[in-house]
Amino acid sequence: MLKGNPEISLYNRDLPLGCKYCRLGSKLVVFISGECGDSCYYCPVSEERFGKDVMYANEKKTESFQDFIYEAYKMNALGAGITGGDPILHLDKVVKLIEILKSEFGEDFHIHLYTSGRYVNYDALFALQRAGLDEIRFHPVRKEYLKAVEKALNFSFDVGLEVPAIPGEEEYLNFLIKWAEEHKVKFININELEITERNFYNLNSKGITISHGLAGGKGSFELALKVLEANVDSKLDIHYCSSVYKDVVETRTRFLRTIRYYSKPYEKYSGEGTIIKAFVRTNTDLSDYGEKTSNGFYISPEFVDEVISKYNPDEVRIIEELPYGLKVSEKLIYSKSKNC
């Protein structure tokens, strides 16, 4: 019998360890570079990142390895997932970052990496093993890339496949499952096809539109479910992960985790993982309530009525933003000029 919730994820046996950490919102998302030799028509990577040599720690663009350490501390991360692009194209950066993370947070800090396998050879695998990689996930867009998976099976890290459920490609998906079973690969993750601003036209031209959640492609879940049900008794760990889980549950859980460990006393949070605070524009010293800014104070929304009645500030705004600073909304709730 399949375990889980079809709206979130389904699996037949057990979840990969990297996925278990993701469910806790405890994995730092490391985008090491957008460069990749495979231009998959369904690639969900944004225009700002695709093909560009840029790095991101979670949603924050980074300039140095120290930024990854800082973001990991902010969320009390228990591990990291290294993605791209294809990280193997920047193996030197990947190896150095793994070494830094392991040194800073200890050997139990779980690190997994995604690659197509196109550039994977024994030298790269030896370097990743020495650095301390715990898990490697292959997206073999071509059958010849499976040779890299065979090489990886000779090393100490866990080896798995991770592929999207693309309507019309059931035969290849079944082939990969049988191949993984025969070669004793540890797991295969089947992701719901995600439609984004960049791949929208390519997928729509093939009749694939959004039909599930915010980005789930039509027919993708149905294909994944069919494959899981046909292989429920497989000795291979097979896991379906929905776009709803990736976009809503995983991201929101990570946001809430970051807020829990990093937010300031006056910052409240919503169930959606956003920070809510009040900005008071005033010359009055409100240090007892919150934090001074250039032209006012940030305070808890709980004290807004008290501050208005006692100090009659110039204006008060309620601000909602994501943990990495992107503003979601801002609402003026009091203005001295309008209330005089």
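Residues numbered from 1 in each chain as written. Predicted model: local features only at pLDDT ≥ 70, side-chain atom pairs only at ≥ 80, totals over all residues. Heavy atoms only, no water.

**Focus: the layout of surface pockets**
Empty space among the atoms becomes visible once a probe the size of a water molecule is rolled across them. Looking at the second largest pocket, its volume works out to about 290 Å³. Around the second largest pocket, the lining comprises 20 residues; the ones closest to its centre are Y262, E267, I275, E321 and P323. Classifying every residue of the lining of the second largest pocket gives 9 nonpolar, 3 polar and 8 charged. (1 Å grid on protein atoms, 1.4 Å probe; cavity = no way out; pocket = protein on both sides within 12 Å on 5 of 7 lines; lining within 4 Å. Points joined across faces, edges and corners; volume = space filled by probe spheres on them. Nonpolar A, V, L, I, M, F, W, Y, C, P; charged D, E, K, R; others polar.)

**Topic: helix 9 (residues 243-262)**
Taking 1.5 Å per residue as the helical rise, helix 9 with its 20 residues ought to reach 28 Å, and the 27 Å between its terminal C-alpha atoms agrees with that figure. Here helix 9 has its buried residues at S243, V244, Y245, E250, T251, R254, F255, L256, R257, T258 and I259. (Helix = DSSP H or I, 4+ residues; strand = E, 2+ residues; numbered from the N terminus. Expected span 1.5 Å × (residues − 1). Buried < 20%, exposed > 50% of the residue type's maximum accessible area, 1.4 Å probe, protein only.)

**Overview of the nonpolar core**
Residues L28, L128, I136, F138, F157, I188 and I190 are the most contacted members of the largest nonpolar core, which totals 58 residues. Beyond its immediate sequence surroundings of up to four residues, F157 is in contact with L125, L128, Q129, L133, D134, E135, I136 and A152. C40, V54, I166 and I208 belong to the second-largest nonpolar core, a separate cluster that totals 12 residues. (Core = buried A, V, L, I, M, F, W, Y, C linked by side-chain atoms within 4.5 Å. Contact = heavy atoms within 4.5 Å.)

**Focus: the sheet that holds strand 5 (residues 60-62)**
Overall, mixed pairing links the 11 strands, which are arranged 1-2-13-10-9-8-7-6-3-4-5 in an open sheet. Because the sheet does not close on itself, it has two edges, and the strands there are strand 1 (3-5) and strand 5. Mean inter-strand twist for the sheet, computed between neighbouring axes without regard to direction, equals 20°. Note that strand 8 (residues 135-138) and strand 9 (residues 158-165) share 4 bridges and pair parallel. Looking at the pairing, F138 lines up with L161 of strand 9. (Pairing = 2+ DSSP bridges. Axes fitted to C-alpha atoms, helices over the stretch in contact; angles between N-to-C directions.)

**So, the packing of helix 2 (residues 65-74) against helix 3 (residues 91-105)**
Where helix 2 meets helix 3, the axes come as close as 10 Å, and the angle between the chain directions of the two elements is 40°. In terms of their interaxial angle, helix 2 and helix 3 are classed as oblique. Between helix 2 and helix 3 lies a crossing of right-handed hand. Counted together, F65, F68, I69, A72 and Y73 of helix 2 and K93, K96, L97, I100, L101, E104 and F105 of helix 3 form the full contact between these two elements. Broken down by class, the residue content of the contact of helix 2 with helix 3 amounts to 9 nonpolar, no polar and 3 charged. (Parallel < 35°, antiparallel > 145°, perpendicular 65-115°, else oblique. Left-handed = near helix turned anticlockwise from the far one by under 90°.)

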